[in-house]
Amino acid sequence: MELLLLFRLISFPLAMRLNVGSAAGSSLNSVSPLASGRNIGRHSTECHHMLKHLYSGAQVTVHMPPNITGQWVSSSCEVRPGPEFLTRSYRFYENHTFSALQFYNLDNQCTEPTYSLLVQGSVHVQQSSWAIRGGTEADYQLHRVALVSHTAEAARDLSAKLSRDCGFDEALKPEESYELWDPATGRDCTGPLGFSMQELLLLRVERHYRHGDPDSQTKELLLGDLHTDVSRRRVHKPSSYQPPLLSIKHGHDHSCIVCRIISRGSLQQPPSLPPQADSPVRVQGHWVSQRCEVRPGVLFLTRHFVFNKDGRTWEGHYYHYADPVCRMPTFSMHAIGHYSQGQPSAKVMGGTEFVFTVTQMKVTPMDLATTSLLNIFSGDECGTEGSWRLGVEQDVTPTAGCAALGIRLPHTEHELFRIERDLSGRRLLYNGQRPTNGSSPNQPHKRATSYQPPLVQCVLGTQRGASAGREGDQHFRLGNGYCCDRRFCLYTLIWALTILQLI
């Protein structure tokens, strides 16, 4: 019973959500879930190709433990839960100290800085994460947190927060620096700002490159996610990642204008990004994941959305994996339903409100453990009792969903969307970040205030990569579906054997 409960808890965030994973970064054995969608049509080949060749076909290498020395910056204006609009510039030194700058803005384009934080401390890389495969755990200590407000209005607002919640008796003045953290006296006035550096507890560094093109090398630093409930940030242990920070040393200072602007920012002179008009939110078409995405609960997935030309119906193809490069499939889901587009969000600048309903769901088990688990459930809990077969899709709509995966049909969610363009001019689709506690945004006040990793629009003729992304490091290499992390393999084997004993 505890085993089944564990699986329910892990899988619940998968169900009926636009974050529930999708397509392929590896061979899907005898099944091609992308080809099974009734409205995939002529875009199927191109979208399938993009999903097989994640990271735009670049090779991806992960070194463990990661070397985080150097300067890392945001590549765009980031949206954190709240919402907060900010850019980051972090520098890590060889002696394990760091200096992190966070630039907060009034707008979603990060053109109007309101205040900045300078965070200094030390960080020590620990062991590979047992909870989040592919990540590395770390520990940190803060030495200093300094605050500078950049407008009179921001100074007044911050003074009110600090005075009310921290007893900070100084009236802040614009462009003057104030110390919020003093370990010698135990003073900590960072709480009223929703400040936390828990993101340093989980690290991952990816190196992207193309064979035969040394100039194409880029590096990304992924730090731990923030709790979607701001009040929980300071006690949250990361279970996924924030948008990656880009290495200034490895190519991005030449190709990314935004990165160059942010890298030159300081506590007294924050970066102000070039203003851009918000893109109209036209979602019709096909959208796919650009990378293997990580979700809380040790979930790895890719996604493929189809918004039909009628402007009312949609499909979602979600493929889940057991590894952080999406090469070991576990199961896929195909959702069908309808949606309606609402008004621009009054809470999250640049976002547009949507309402989605799922009315039909099909599930395909892609490994033996998942197949065995689905066959445990009896009666009308999940499809036809005892009928699940590896690689065979089954419609779970007649049983109102699948209890094993936390799916209940029909299901409605209140969503947040935005559209932007990347450095190559491709259209990117962002949808709302999932609640960290695993709940569903099934009411308007639960609508997200931040976003998941963006999907890119699949268009015929996009650049084709030479090979699928791979992950390797000094201790293990993932490839061809083989499991080379001994602890993970042991856990998977015990899990599968336990399930089989219950049948």
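Please read these numbers as outputs of a predicted model, since none were measured by experiment. (Residues numbered from 1 in each chain as written. Predicted model: local features only at pLDDT ≥ 70, side-chain atom pairs only at ≥ 80, totals over all residues. Heavy atoms only, no water.)

Draft legend 1. Structural detail: the overall build of the chain. When helices and strands are counted, the chain shows seven helices and 26 strands. With 503 residues in all, the chain has 58% of them scored as buried. Counting contacts in the chain only where the partners sit at least 6 residues apart, residues at least 24 apart contribute 65% of the total. Of the accessible surface of the chain, which amounts to about 21,600 Å², a share of 52% is contributed by carbon and sulfur atoms. (Helix = DSSP H or I, 4+ residues; strand = E, 2+ residues; numbered from the N terminus. Buried < 20%, exposed > 50% of the residue type's maximum accessible area, 1.4 Å probe, protein only. Contact = heavy atoms within 4.5 Å. Areas by Shrake-Rupley, 256 points an atom, 1.4 Å probe, with all protein chains shown as cover.)

Draft legend 2. Structural context of the pattern of salt bridges. Per the stated rule, a full pass over the model turns up 16 salt bridges. One salt bridge in this structure joins E293 and R295, with 2.7 Å as the shortest N-O distance. The burial state of E293 is the same as that of R295; both residues are buried. With its nearest N and O atoms 3.0 Å apart, the salt bridge here joins R434 to E413. Here R434, found in the loop between β23 (427-431) and β24 (455-457), pairs with E413, found in strand β22 (residues 411-421); they are 21 residues apart in sequence, far enough to count as distant. (Salt bridge = Lys/Arg side-chain N within 4 Å of Asp/Glu carboxyl O.)

Draft legend 3. Looking closely at the packing of aromatic side chains. Under the definition given, this model contains 16 aromatic pairs. In textbook terms, an aromatic cluster arises when at least three aromatic residues are bridged by ring pairs, as seen for F305, F307, W314, Y318, Y339, F354, F356 and F417. For the cation-ring pair, R88 lies above Y90, with the distance from its terminal atom to the ring centre recorded as 5.6 Å. Across from the ring centre of Y430, 3.9 Å away, lies the NZ or CZ of R418, which sits over that ring. (Phe/Tyr/Trp six-rings, centres within 6.5 Å; stacked < 30°, edge-to-face > 60°. Lys NZ or Arg CZ within 6 Å of the ring centre and 35° of its normal.)

Draft legend 4. View of the state of the cysteines. Enumeration according to the criterion identifies six disulfides in this entry. C382 shares a disulfide with C402; S-S distance 2.0 Å. Taking the sign of the S-S torsion, -85° for the link of C382 and C402, the bridge is left-handed. Here the residue C382 occupies a position in the loop between α6 (368-376) and β19 (394-395), and C402 occupies one in strand β20 (residues 401-402), the gap between them amounting to 20 residues. Each member of the pair C382 and C402 is classed as buried. (Disulfide = S-S within 2.5 Å.)

Draft legend 5. The arrangement of the confidence of the model for the chain in detail. Looking at the chain as a whole, its pLDDT mean stands at 82, while 80% of the residues score no less than 70. Predicted confidence is poor over residues 1-41, with pLDDT under 50, and the contacts of this stretch with residues over four places away or in other chains come to 151 contacts. For the stretch residues 460-503, pLDDT sits under 50, and the model shows 100 contacts to residues farther than four places along the chain or on other chains. (pLDDT = per-residue confidence, 0-100.)

Draft legend 6. Representation of the environment of L180. Residue placement: L180 occurs in strand β8 (residues 177-182). Judged by its relative accessible area of 0%, L180 is buried. Separated by 33 residues in sequence, L180 and L147 have C-alpha atoms that sit 6.9 Å apart. Each residue touching L180, except ones within four places of it in the same chain, is listed here: L117, V145, L147, L162, F168, R187, D188, C189, T190 and L193.

Draft legend 7. Structural context of unusual backbone geometry. In this model, M64 is joined to P65 through a cis peptide bond whose omega is 0°. By secondary structure assignment, the location of P65 is in the loop between β1 (59-62) and β2 (70-73). That bond from G82 to P83 is cis: its omega, 5°, falls within 30 degrees of zero. Position of P83 relative to the elements: it lies in the loop between β3 (78-80) and β4 (84-92). You will see that C110, though not glycine, has its phi angle at about 55°, which is positive. With respect to the helices, strands and loops of the structure, C110 is situated in the loop between β5 (97-105) and β6 (113-128). Residue C110 is classed as buried on the basis of its relative accessible area, which comes to 1%.

Draft legend 8. A look at the pairing of strand β18 (residues 352-365). Bridging between strand β17 (residues 329-344) and β18 involves twelve bridges; their strand directions are antiparallel. Bridged to S332 within β18 is T364. Two strands pair when backbone bridges link them, and β18 and β22 are joined in this way by seven bridges, in the antiparallel orientation. Directly across from F354, in β22, lies its bridge partner E415. Relative to β19, β18 runs antiparallel, the two sharing two bridges. Note on β19: the bridge partner recorded for K362 is D395. (Pairing = 2+ DSSP bridges.)

Draft legend 9. Inspection of the pairing of strand β7 (residues 136-149) at higher detail. Within β7, ten of the 14 residues are buried, which leaves the element mostly enclosed by the surrounding structure. Two strands pair when backbone bridges link them, and β6 and β7 are joined in this way by twelve bridges, in the antiparallel orientation. Residue pairing across strands places G121 opposite L142, the latter belonging to β7. Two elements, β7 and strand β10 (residues 202-210), share two bridges in a ladder whose sense is antiparallel. The residue of β10 that forms the bridge with E137 is L202. Looking at chain direction, β7 and β8 are connected through four bridges and run antiparallel. Its bridge partner lying in β8, A146 is registered against E179.

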